[in-house]
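# Report on the structure
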Amino acid sequence: MITINPFSVLSEFIPSIAIQTFVVAMIVLVIVGTVIDMIHKKNVKYFFENAKKAKKQATRTVSTGKKASILIKTVASDILTTSELAGKRRLAHLLGMYGTIIFWVTSVIMIFCYSTPESLTPSILPLLWHLGAIMTCLGGYWFWLFLRVDVYSEAHPWYRIIQADLFVLSLLAASTFGLIWSFLQSSNINGWNNLFLI
């Protein structure tokens, strides 16, 4: 199961170009949606005005090297290791974040480079694809079921969904259905193997 490229099996039913077009369309829609959201919420205007205000209030100038050093430290500390979180929340976030990145990157590689039935996919790619999906599920379900702050502190039920939860839930749905889809494909159960593709 975990050594089979599910996209090359899928290309026996759906042409590779259709799968690739779908991925490109989704990337374009995410970019367009993000730009529309930024315009609607006026995020860019706020950040530029805030940067101008901070520049006027600055008491000293910082060299380009120092700015680069601050940027590298911020990326390494705050983004790559989510240092603002602690303990179990941090571990759940790291599992979900890196799992999703691995899942997405290997999906794109397998769809654009190895999605025909004749292509031989390097065995590491399906392994990483499955590992990424499993990591996303572990981190996401751990967060969703046990670590959400409002569930404990505000006595809300675990199944309460607000708009902020939709991103995590969409990642969980994609990874969970991807794993089920892969399992059913490798089991060769006719009819069921494409049910979870949808």
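What counts as what
- Residues numbered from 1 in each chain as written.
- Predicted model: local features only at pLDDT ≥ 70, side-chain atom pairs only at ≥ 80, totals over all residues.
- Heavy atoms only, no water.
- Helix = DSSP H or I, 4+ residues; strand = E, 2+ residues; numbered from the N terminus.
- Expected span 1.5 Å × (residues − 1).
- Buried < 20%, exposed > 50% of the residue type's maximum accessible area, 1.4 Å probe, protein only.
- Contact = heavy atoms within 4.5 Å.
- Axes fitted to C-alpha atoms, helices over the stretch in contact; angles between N-to-C directions.
- Parallel < 35°, antiparallel > 145°, perpendicular 65-115°, else oblique.
- Left-handed = near helix turned anticlockwise from the far one by under 90°.
- Nonpolar A, V, L, I, M, F, W, Y, C, P; charged D, E, K, R; others polar.
- Core = buried A, V, L, I, M, F, W, Y, C linked by side-chain atoms within 4.5 Å.
- Salt bridge = Lys/Arg side-chain N within 4 Å of Asp/Glu carboxyl O.

For the rest of this paragraph, the subject is helix α8 (residues 166–187). With 22 residues, α8 extends 31 Å between its outermost C-alpha atoms, agreeing within 8% with the 32 Å of an ideal straight helix rising 1.5 Å per residue. When α8 is considered as a whole, its buried residues turn out to be Leu 171, Leu 172, Ser 175, Gly 178, Leu 179, Trp 181, Ser 182, Leu 184 and Gln 185. For α8, the secondary structure elements touched by its buried residues are α1 (6–10), α5 (87–113) and α6 (124–147). Once α8 ends, the next one or two residues include Asn 188, with phi positive near 60°.

Glancing now at the packing of α6 against α8. In the contact formed by α6 and α8, the axes pass within 9 Å of each other and the chain directions differ by 135°. As judged from the angle between their axes, α6 and α8 are oblique. Crossing geometry of α6 relative to α8 is assigned as left-handed. The segment α6 lies against α8, with Trp 129, His 130, Ala 133, Ile 134, Thr 136, Cys 137, Gly 140, Tyr 141, Phe 143 and Trp 144 engaging Val 168, Leu 169, Leu 171, Leu 172, Ser 175, Thr 176, Gly 178, Leu 179, Trp 181 and Ser 182. Here the residues of the contact of α6 with α8 are counted per class, giving 13 nonpolar, seven polar and no charged.

A separate point is the nonpolar core. Ranked by internal contacts, the top residues of the largest apolar core, which has 13 residues, are Phe 7, Met 110, Ile 111, Trp 129 and Trp 181. Here the element with the most residues in this core is α6; it accounts for four residues.

Our next topic: the pattern of salt bridges. Throughout the structure, instances matching the rule amount to one salt bridge. A salt bridge links Asp 37 to Lys 41; its shortest N-O distance comes to 3.5 Å. With a gap of four residues between them, Asp 37 and Lys 41 both fall in helix α2 (residues 16–41), about one helical turn apart. Judged by relative accessible area, which is 33%, Asp 37 ranks as partly exposed.

Read these as layout, nothing more, since geometry by itself doesn't imply function.
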